[in-house]
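# Topology and contacts: notes
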Amino acid sequence: MAKDINRIKVVLAEKKRTGKWLAETIGKDPATVSKWCTNSAQPGLETLLEIAHVLEVDVKELINSSKDDVMYIQVVK
């Protein structure tokens, strides 16, 4: 099962903005932004920073934590 990498769709909803607005603001195709919002594609780091800037959030808010994926294995001796 694939894990969502980014939280762009969630942050857009929190900011009451649309994918169309984001696409127009950063000069990207709405279909590309839609792919980011569904996590079927990911923006590059520079684009992610630009998205954070226009949404006025820390870039870390746009990415799901990798710590959620950590598995702990108990070693029994």
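Data block above holds the structure.
Residues numbered from 1 in each chain as written. Predicted model: local features only at pLDDT ≥ 70, side-chain atom pairs only at ≥ 80, totals over all residues. Heavy atoms only, no water.

## Some words on the packing of helix α2 (residues 19-26) against helix α4 (residues 45-55)
Put simply, α2 and α4 touch, their axes get as near as 11 Å, and they point 110 degrees apart. On the basis of their axis angle, the class for α2 and α4 is roughly perpendicular. Judged by the twist between their axes, the crossing of α2 over α4 is right-handed. Within the contact between the two elements, α2 uses Trp21, Leu22, Thr25 and Ile26 and α4 uses Thr47, Glu50, Ile51, Val54 and Leu55. Among the residues making up the contact of α2 with α4, the classes are represented as six nonpolar, two polar and one charged. (Axes fitted to C-alpha atoms, helices over the stretch in contact; angles between N-to-C directions. Helix = DSSP H or I, 4+ residues; strand = E, 2+ residues; numbered from the N terminus. Parallel < 35°, antiparallel > 145°, perpendicular 65-115°, else oblique. Left-handed = near helix turned anticlockwise from the far one by under 90°. Contact = heavy atoms within 4.5 Å. Nonpolar A, V, L, I, M, F, W, Y, C, P; charged D, E, K, R; others polar.)

## Side note on the nonpolar core
Counting residues in each nonpolar core, the largest one holds 15 residues, and the members touching the most others are Ile8, Leu22, Ile51, Leu55 and Leu62. Elements supplying a minimum of two residues to this core: α1 (8-14), α2, α3 (30-37) and α4. For this core, the leading source of residues is α4, giving four residues. Excluding its chain neighbours within four sequence positions, the residues that come into contact with Leu22 are Ile8, Leu12, Val33, Ile51 and Val54. (Core = buried A, V, L, I, M, F, W, Y, C linked by side-chain atoms within 4.5 Å. Buried < 20%, exposed > 50% of the residue type's maximum accessible area, 1.4 Å probe, protein only.)

## A look at the packing of α2 against α3
Close contact between α2 and α3 brings their axes to 9 Å; oriented N to C, the two are set at 125 degrees. Judged by the inter-axis angle, α2 sits oblique to α3. Crossing hand, α2 versus α3: right-handed. Across from Gly19, Leu22, Ala23 and Ile26 in α2, the residues of α3 making contact are Pro30, Val33 and Trp36. Its residues placed into classes, the contact of α2 with α3 shows six nonpolar, one polar and no charged.

## Thoughts on the environment of Glu50
Relative to the helices and strands, Glu50 resides in helix α4. Residue Glu50 is classed as partly exposed on the basis of its relative accessible area of 34%. In this structure, the C-alpha to C-alpha distance between Glu50 and Ile26, residues 24 residues apart in sequence, is 7.4 Å.

## Some thoughts on the packing of aromatic side chains
Evaluated as defined, the whole model comprises zero aromatic pairs. Across from the ring centre of Trp21, 4.3 Å away, lies the NZ or CZ of Arg17, which sits over that ring. (Phe/Tyr/Trp six-rings, centres within 6.5 Å; stacked < 30°, edge-to-face > 60°. Lys NZ or Arg CZ within 6 Å of the ring centre and 35° of its normal.)

## Digging into α3
The complete set of buried residues in α3 reads Val33, Trp36 and Cys37. One face of α3 carries all of its buried residues, which in axial projection span an arc of 100 degrees. Summarising the contacts, the buried residues of α3 are in contact with α1, α2 and α4. Count one or two residues on from α3 and you reach Asn39, which has phi positive near 60 degrees. (Arc of directions from axis to C-beta.)

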